[in-house]
Amino acid sequence: MNPLSTPLRPGALVTSKLFLVFQIGGQRFALAATQVAQILPLLPLKPVPRAPDWVAGIFAHRGEVVPVIDIGALTFDQPAVARTSTRLVLVHYQGRAQQSQALLGLILEQATDTLRCDPAEFKPYGLDNPDAPYLGPVREDAHGLLQWVGVQDLLDDQARALLYAPGLAAIVGEEGDR
């Protein structure tokens, strides 16, 4: 019998989730697709003066200024390589419970594939890295390890204050005019 046509048992619970798979420094990572708002090609960005190197800039999207970070630069201090498969992925970000949800742009290499699997297949990997709390559990498959990236843990308080400061677009515009 074809395993793809195997009927589910009555009452069986389907717990699979869709993930967007991408690479950082040749390693595989995944975002839950429910956190993805839109996938765009790389776009020109306005730099944010005096921001950390992993802050790629900002851009206007449907009347909203969206901050963009380079996950490769944040994680391994290596900016993403601009390839045809490198994407600007907009995710739903809410850093704190009292904050309203906003968009956050992520520059992701080879963000062209998806995977549907049971989230329980991702297991803790035994390291507690306080400098990268967004790096979650891992899943092993035929391609090696795949690590889940937690969108809500990408920014610390200082980065959140910088990227979601009231009037960021005006501040960037004024400094760019000097």
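Per-chain numbering applies: the sequence of each chain, read as written, is numbered from 1 onward. Given that this is a predicted model, residues contribute local features only at a pLDDT of at least 70 and side-chain atom pairs are listed and counted only at 80 or more, while totals for whole chains, interfaces and linings are drawn from all residues. Hydrogens are left out, water is left out, and the side-chain values use all remaining heavy atoms of the structure.

## A short note on the packing of aromatic side chains
Aromatic contacts are taken between Phe, Tyr and Trp rings whose centres are within 6.5 Å, Trp giving its six-membered ring; a plane angle under 30 degrees counts as stacked, one over 60 as edge-to-face, and the others as tilted. One pass over the full model with this rule turns up five aromatic pairs. Each ring, one from F19 and one from F122, has its centre 5.1 Å from the other, and the planes form 45°; the classification is tilted. With F19 in strand β1 (residues 17-24) and F122 in the loop between β7 (102-117) and β8 (135-141), the pair connects residues that are 103 residues apart, well separated along the chain. In this structure, F19 and F122 share a single accessibility class: buried. A network of ring pairs unites the aromatic residues F19, F122 and W148 as a single cluster. Secondary structure elements are taken from DSSP: a helix is a run of H or I of four residues or more, a strand is a run of E of two residues or more, and numbering for both begins at the N terminus. Burial classes: relative accessible area under 20% of the type maximum marks a residue as buried, over 50% as exposed, and values in between as partly exposed (1.4 Å probe, protein chains only).

## Thoughts on the side chain of T86
In this fold, T86 is placed in the loop between α1 (71-76) and β6 (87-93). Counting of polar contacts relies on pairs of N or O atoms within 3.5 Å, with two restrictions inside protein: one atom must be capable of donating a hydrogen and the other of accepting it, and residues adjacent in sequence are counted only when both atoms are side-chain atoms. Here V81 takes part through its backbone oxygen, which lies 2.6 Å from a polar atom of the side chain of T86.

## Focus: the pairing of β1
Looking at chain direction, β1 and β7 are connected through six bridges and run antiparallel. Directly across from K17, in β7, lies its bridge partner C117. If DSSP finds at least two bridges between two strands, the strands pair. In this sheet, strand β2 (residues 27-32) lies alongside β1 in antiparallel orientation, the contact comprising six bridges. Across the sheet, the residue bridging to F19 is A32, located in β2. Between β1 and the antiparallel strand that follows it, β2, lie two residues; G25 among them carries a positive phi value of about 55°.

## Let's talk about the nonpolar core
L31, I69 and L154 are the most contacted members of the largest nonpolar core, which totals 31 residues. Listed by contribution, the elements that provide at least two residues to this core are β1, β2, β4 (55-61), α1, β6, β7 and α2 (157-163). Looking at this core element by element, the count peaks at four residues for β7. With near-sequence residues (within four places) excluded, L154 lies in contact with I69, I71, L74, L104, L106, Y134 and V149. Judged by nonpolar contacts, the second largest core, of nine residues, contains V21, A32, L115 and F122. The criterion is simple. A nonpolar core is a set of buried Ala, Val, Leu, Ile, Met, Phe, Trp, Tyr and Cys residues joined through side-chain atoms within 4.5 Å. In this analysis, two residues are considered to be in contact whenever any of their non-hydrogen atoms come within 4.5 Å of each other.

## Points about the pattern of salt bridges
Note on definitions: salt bridges are taken to be side-chain nitrogens of Lys or Arg within 4 Å of carboxyl oxygens of Asp or Glu. Overall, the coordinates contain five salt bridges when judged by the stated rule. Two residues, R83 and E109, come together in a salt bridge whose shortest N-O distance is 3.3 Å. Here R83, found in the loop between α1 and β6, pairs with E109, found in strand β7; they are 26 residues apart in sequence, far enough to count as distant. Here E109 falls in the buried class, since its relative accessible area comes to 11%. R139 is the salt-bridge partner of D141, the closest N and O atoms lying 3.1 Å from each other. Judged by its relative accessible area of 12%, R139 falls in the buried class. One network of salt bridges, with partners in common, ties together R28, E121, R139 and D141.

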